[in-house]
Amino acid sequence: MAMLFRAAASASRIFFFAGMGLIAAIFVIVVYDVTMRNAGFTPPYWGVNTVEYALFWIAMLTIPDLVRTRGHVSVEVVLAALAPAARARLSSAVSIFAALLCFFMTWRAGLAFTGAWMSGNYEVRAFDMPEWIIYLPMPISFFLAGLMFLRFPLTGESYHAGPAESSGGL
Amino acid sequence: MAWLEWFLMLMVPLLVAMALGLPVAFAFIAVNVIGAAALLGFGVGVGQLVSNMTAGVTTYALAPVPLFLLMGSLFFHSGLARRVLDAVDMMIGRVPARLSYVTVATGTLFAALSGSSLANTGMLGTLMVPEMRRRGYKNHMALGPILGSGGLAVIIPPSALAVLLGSLAQIDIGALLLAGLVPGVILAVLYAGVIYVQSRIDPSAAPYYVPEDVPLARRIVVVLREVAPMSIIVAAVVGTILTGTATPTEAAALGTLAVLILAIAYRALSWDSIRKSLDDTTRVTGMTFLLITASSTYSQLLAFSGASSGLVRWATGFDVGALGILLLMLLVLLVLGMLMDQVSMMLITLPVFLPLAMTYGFDPIWFGLLMLLMLEVSFTTPPFGLLLFVMQGVAPPGTSLGTIARAATPYIGCVFLLIALLIAFPQVSEVFR
Amino acid sequence: EEAVLRAVTFTPAQAYYAKSFQSFADQVNEKGKGVVRIEVIGGPEVVPPLKLGEAQMNGVADIFNLPAGLYLNLVPEGEVFAGSNHTPMENRANGGFDMVNEVFKEKGNAVLLAHVDGGAPFHIFLTKEPKLDAEGNPDLTGLKIRTAPLYRSFVESLGAVNVVQSPSDVYTSLERGVVDGTGYTVLGFRDFNWDKFTKYRIDPGFFQTDVLISMNKDSWDKLSPEAQAILEEVAISYEKESYEAVKSATEAEDKALRDGGMEIIELKGAAREKYLDDAYTVTWERLKSRDDTHYDALREKFFTEGTN
Ligand code: NA
Ligand code: NA
């Protein structure tokens, strides 16, 4: 069990690094695009839509590691008002519920992925994008995120125990 | 089912799940699953839900969000921010409450150079609090200006939050960014006014000291060397949007490029600062984009069930007039802002507010700016105020959330004053149109 | 008991196509009192446009105001509506409509009721004057043009870079020079205020709008024969009515654009023939490459050679 969680945590980390790579790639693509255009060359036709799909991939790839590091914002008004014991119980219940939700999404996103794979469906923007590529990170990320949620109660920790700065924002 | 039943069915579980501490994005997803199954049947509904989720953030208009964040992170992690602060510190001479003014002036500059108020506040706090403590500044003179000017990053372009609002509300993003410039500077002036009044009321709150005397020639050299080059960053972002050379997305990329080039020029760039900046950016982007992914489908369900249109019809049925509706919306934002983060607030309110704003003929950019100001307020309103938490992280041990929130109160007052000003004189938002 | 059909449109309620669909719905509701009623739920705020084909297939709503071009991924044969140089009424009379309807039933789980708002061709609108070569052919090399999937390949074949954007982004893009032009119909062009920036239009137009009124097949099969008959009857008359309406509205808009100072780059003679040939070839070839099963039969019904 512990090994499974360790492996899932490592995988989450790798997914997160991939997300970092995509953000760097977006920067490079947009700079390349604007430079080409202003230098009078034809910018790549795939630039805009590639960035668009990358944005969705970033949203998916970062899910599990943000669970692991308590990075998804939550409202803790009720939790903060509870006595420590009750707080711990509620926090565990929330984590287990979130894990089940993630596994449910794994199943449904998996169905969408296999459906897209079997049908050979594609999305028509500036180029024909195979739908299975869009769906690909979804089931895997939700599965890892489910494991990361489950890890909190099983190791006696709390998703909500993190320092305040761990919840990001703009 | 009538619209009210659907509205309650979709809204109540969401608020309960959020209140119980389920991370907001997952609360949206859970309610989406239930709502889609109830509206469309389980197989079809959830299938369409998963499919629609892929459409939530796949829009080019959202690309500036990670880029503005990256730009801000690089600005801080490379140490460029520290240089700006030191230069400003040297500029401001012998005045009472000197360090409070230094904070606001630096914060305003940071706001023009970074798109993230969280990063700004963290940076200002880390840099200014120790020095202010050493000089015997009381909490309201030390923490207040940091919280106030940290939030300026939202209003003064570049602003990731403005991009997000513009994209979600289909407001012209470039115009919304530019519209914040003048009100942002007005706000900074109001902040200086607060400091002046506070230091007159209680001079001992910010003990006077004589700063190191710097000869004029040296000051000029420092400004030319440390601050003037930063205008390249402003030119890359605001300048390119203003002159129409670049879209907001491209301006964000060019701004990031400008920061990189400056950091290299100052020999301040390291692989470590790049990695840290990318790490920060990816965290916040991922968190935000999952929220949008989840909540965009929530808005679709609200619209599909007829709840959105029903609510609008109901709300416009009252005879409170345009101003009444506007104040009501601002009040809702104030209350929500006490409980949740800015992105969630936008996502919950926009599907209802936008049709209302359209019905009453509000100018979209002006309305967007007012919303943005309320989002800034929500950063410092307890119990859930992200900037309060950030402050607590850098303030001296034992500083309570209440103390920090009280320090921010006069600065929130300034924002309300600005909102009143914008309602009375909407042309303030139209300077760059 | 009265059957209620929930409808979704691909444009917001205030746009031309949604309004046109609303008048179709009004006519159905009038004629179908007590038998069948259409209730419009909403537009893109309800289902994202690129997901509408899937929504129709799954029966998310019952009846759809949805261009075939938005779900070519599901039914590549949808290309025939835009690629036809006949009127919708001609295609119905010669049996082409029924033929393609069978394909939509099979691949899209959809029953087509009518090809509405037809007859409006697409034009290329530009912010810069296009170059013409020695033979008078337009050369768009180096220009970035906002296109829809429908005419993407054709614009590409003229040398332009195609940019796919939702109509809501186009205003800013034209203003900032991110794109140098956009394809669109004359009808509805001024609604977006794009004419502020685009001062040139290439004529002739090519293709035609491919807006369909269609139903999820399961919802259709559930209807009483009486309700089906009413829908078909109104659909057939509305197909013609909306065609005429589009025609006169297009003429009025064309005049307004010209009066507003838009310069028309009119291709002539062989260049005009080549331009139209290229346009139609690209779209029919794309259909052939995606699925050529019904290609020959459909081409025979929907396209007449040498009548451009
Ligand atoms: Na800013
Ligand atoms: Na708050």
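Small disclaimer: the values here were computed from a predicted structure and weren't measured.

### With respect to the overall build of chain B
Thought 1: Of the regular secondary structure elements, chain B holds 21 helices and zero strands.
Thought 2: The C-alpha atoms of chain B give a radius of gyration of 22 Å, which matches the 22 Å a tight globule of 433 residues would have.
Thought 3: Based on the C-alpha atoms only, the size of chain B along its principal axes is roughly 75 × 45 × 45 Å.
Thought 4: In chain B, which comprises 433 residues, the proportion classed as buried is 63%.
Thought 5: Pairs at least 24 apart in sequence give 80% of the contacts found in chain B among residues at least 6 apart.
Thought 6: In the form shown here, chain B has an accessible surface area of approximately 14,400 Å², with 70% of it arising from carbon and sulfur atoms.
Thought 7: A distance of 12 Å separates the average location of the 19 positive side-chain charges in chain B from that of its 18 negative side-chain charges.

### Structural notes on the sheet that holds strand E12 (residues 211-216) of chain C
Residue and element names in this part refer to chain C.
Thought 1: Strand order across the open sheet formed by five strands is E2-E1-E3-E12-E4, with mixed pairing between neighbours. Looking at which strands have only one partner, the edges of the open sheet turn out to be strand E2 (36-42) and strand E4 (110-115). The sheet shows a mean angle of 30° between the axes of neighbouring strands, taken without regard to direction.
Thought 2: By the bridge criterion, five bridges tie E4 to E12 in an arrangement that is antiparallel. Within E12, the residue paired with Ala114 across the bridge is Ile213.
Thought 3: On top of the sheet, helix H9 (residues 225-259) reaches strand E1 (3-9), E2, E4 and E12; it is set at about 35° to E4, its chief contact.

### Digging into the packing of aromatic side chains
The relative placement of two aromatic rings is captured by the distance of their centres and the angle of their planes.
Thought 1: Enumeration over the complete set of coordinates arrives at 38 aromatic pairs over all chains.
Thought 2: Taken together, a centroid distance of 5.8 Å and an interplanar angle of 70° make the contact between Phe362(B) and Trp366(B) edge-to-face.
Thought 3: Owing to a relative accessible area of 13%, Phe362(B) belongs among the buried residues under this scheme.
Thought 4: Accessibility expressed as a relative area gives 8% for Trp366(B), which makes it buried.
Thought 5: The interplanar angle of 85° and the centroid separation of 5.0 Å between the aromatic rings of Phe206(C) and Phe207(C) together place this pair among those described as edge-to-face.
Thought 6: Under the relative-accessibility criterion, Phe206(C) is labelled buried at 0%.
Thought 7: An aromatic cluster is built from Phe154(C), Phe206(C), Phe207(C), Tyr275(C), Tyr280(C), Trp284(C), Tyr295(C) and Phe303(C), whose rings are joined through pairwise contacts.

### Some points on the interface of chain B and chain A
Thought 1: Taken together, the contacts link 68 residues of chain B with 63 residues of chain A.
Thought 2: Across the interface of chain B and chain A, roughly 5,400 Å² is buried in total on both sides, 77% from carbon and sulfur atoms.
Thought 3: Contact with chain A buries area across many residues of chain B, yet Phe26(B), Tyr60(B) and Arg283(B) alone supply 13% of it, more than any other trio.
Thought 4: Inspection of the region where chain B meets chain A yields one salt bridge.
Thought 5: In this structure, Asp279(B) engages Arg13(A) in a salt bridge whose closest nitrogen and oxygen atoms are separated by 3.6 Å.

### Let's talk about the packing of helix H7 (residues 117-134) of chain B against helix H8 (residues 139-155) of chain B
Residues and elements named next belong to chain B.
Thought 1: H8 packs onto H7 with a crossing angle of 160° between their chain directions and a minimal axis gap of 8 Å. Between H7 and H8, the crossing angle belongs to the class labelled roughly antiparallel. As for the relative orientation of H7 and H8, their crossing is right-handed in sense. Contacts between H7 and H8 involve Ser117, Asn120, Thr121, Leu124, Gly125, Met128, Val129, Met132 and Arg133 from the former and Asn139, Met141, Ala142, Leu143, Ile146, Leu147, Ser149, Gly150, Gly151, Ala153 and Val154 from the latter.
Thought 2: Considering only residue class, the contact of H7 with H8 consists of 11 nonpolar, eight polar and one charged.

### Re the coordination of the sodium ion (ligand 1)
Residue and element names in this part refer to chain B.
Thought 1: Only Ala111 (O), Ser114 (O), Ala153 (O), Ile156 (O) and Pro158 (O) from the protein coordinate the sodium ion (ligand 1), and they sit 2.2 to 2.6 Å from it.
Thought 2: Donor residues for the sodium ion (ligand 1) sit on one chain with the sequence pattern A-x2-S-x38-A-x2-I-x1-P. Of this pair, Ala111 sits in helix H6 (residues 98-113) while Ala153 is found in helix H8, placing the two residues 42 residues apart along the sequence.

### Describing the interface of chain C and chain A
Thought 1: Facing 17 residues of chain C, the contacting portion of chain A comprises 15 residues.
Thought 2: The junction of chain C with chain A conceals about 1,400 Å² of combined surface from both sides, 50% of it contributed by carbon and sulfur atoms.
Thought 3: Linking chain C with chain A are two salt bridges.
Thought 4: Between chain C and chain A we count three residue pairs in polar contact (both at pLDDT 80 or more) in total.
Thought 5: Looking at the side of chain C that touches chain A element by element, the count peaks at three residues for strand E9 (residues 161-164) of chain C.
Thought 6: Residues that form the side of chain C that touches chain A fall into these classes: eight nonpolar, four polar and five charged.

### Re the UniProt feature "transmembrane region" (unreviewed entry) in chain A
Residue and element names in this part refer to chain A.
Thought 1: Per the UniProt entry, the sites bearing "transmembrane region" (unreviewed entry) are residues 12-32, 44-63, 96-120 and 132-150 in this numbering.
Thought 2: What you have in residues 12-32 is 100% helix and 0% strand, and the ends, taken at the C-alpha atoms, are 30 Å apart.
Thought 3: Counted over residues 132-150, helix gives 95% and strand 0%. Its end C-alpha atoms are 28 Å apart.

### Brief notes about the packing of helix H4 (residues 64-77) of chain B against helix H9 (residues 160-169) of chain B
Helix packing geometry: the angle between the two helix axes and the distance between the axes.
Residue and element names in this part refer to chain B.
Thought 1: Here H4 crosses H9 at 175°, and the two axes come no closer than 8 Å. As judged from the angle between their axes, H4 and H9 are roughly antiparallel. Contacts between H4 and H9 involve Pro64, Val65, Phe68 and Leu69 on the former and, on the latter, Ala160, Val163 and Leu164.
Thought 2: The residue inventory of the contact of H4 with H9, partitioned by class, reads seven nonpolar, no polar and no charged.

### A closer look at unusual backbone geometry
Thought 1: Going from Pro157(B) to Pro158(B), the amide bond is cis rather than trans, its omega being 0°.
Thought 2: Mapping Pro158(B) onto the fold places it in the loop between H8 and H9.
Thought 3: In the segment running from Asp203(C) into Pro204(C), the intervening peptide bond is cis, with an omega of 5°.
Thought 4: Here Pro204(C) lies in strand E11 (residues 200-206).
Thought 5: Residues other than glycine seldom take positive phi values, yet Arg70(A) does so here, at roughly 60°.
Thought 6: Its location among the elements puts Arg70(A) in the loop between helix H3 (63-68) and helix H4 (77-81).
Thought 7: A relative accessible area of 17% places Arg70(A) in the buried class.
Thought 8: The phi angle at Asp117(C) is positive, at roughly 50°, despite the residue not being glycine.
Thought 9: Summarising the element assignment, Asp117(C) is placed in the loop between E4 and strand E5 (122-126).

Parameters at a glance
- Residues numbered from 1 in each chain as written.
- Chains lettered and ligands numbered in written order.
- Predicted model: local features only at pLDDT ≥ 70, side-chain atom pairs only at ≥ 80, totals over all residues.
- Heavy atoms only, no water.
- Helix = DSSP H or I, 4+ residues; strand = E, 2+ residues; numbered from the N terminus.
- Rg over C-alpha atoms; globule rule 2.2 N^0.38 Å.
- Buried < 20%, exposed > 50% of the residue type's maximum accessible area, 1.4 Å probe, protein only.
- Contact = heavy atoms within 4.5 Å.
- Areas by Shrake-Rupley, 256 points an atom, 1.4 Å probe, with all protein chains shown as cover.
- Lys, Arg positive; Asp, Glu negative; His and termini not counted.
- Charge placed at Lys NZ, Arg CZ, Asp CG, Glu CD.
- Pairing = 2+ DSSP bridges.
- Axes fitted to C-alpha atoms, helices over the stretch in contact; angles between N-to-C directions.
- Phe/Tyr/Trp six-rings, centres within 6.5 Å; stacked < 30°, edge-to-face > 60°.
- Buried area = accessible area lost by both parts, 1.4 Å probe.
- Salt bridge = Lys/Arg side-chain N within 4 Å of Asp/Glu carboxyl O.
- Parallel < 35°, antiparallel > 145°, perpendicular 65-115°, else oblique.
- Left-handed = near helix turned anticlockwise from the far one by under 90°.
- Nonpolar A, V, L, I, M, F, W, Y, C, P; charged D, E, K, R; others polar.
- Donors = N, O, S within 2.8 Å, 3.2 Å for Na, K, Ca; no water.
- Polar contact = N/O pair within 3.5 Å; in protein donor to acceptor, adjacent residues only side chain to side chain.
- UniProt positions renumbered as here; feature names shortened; annotations may be inferred.

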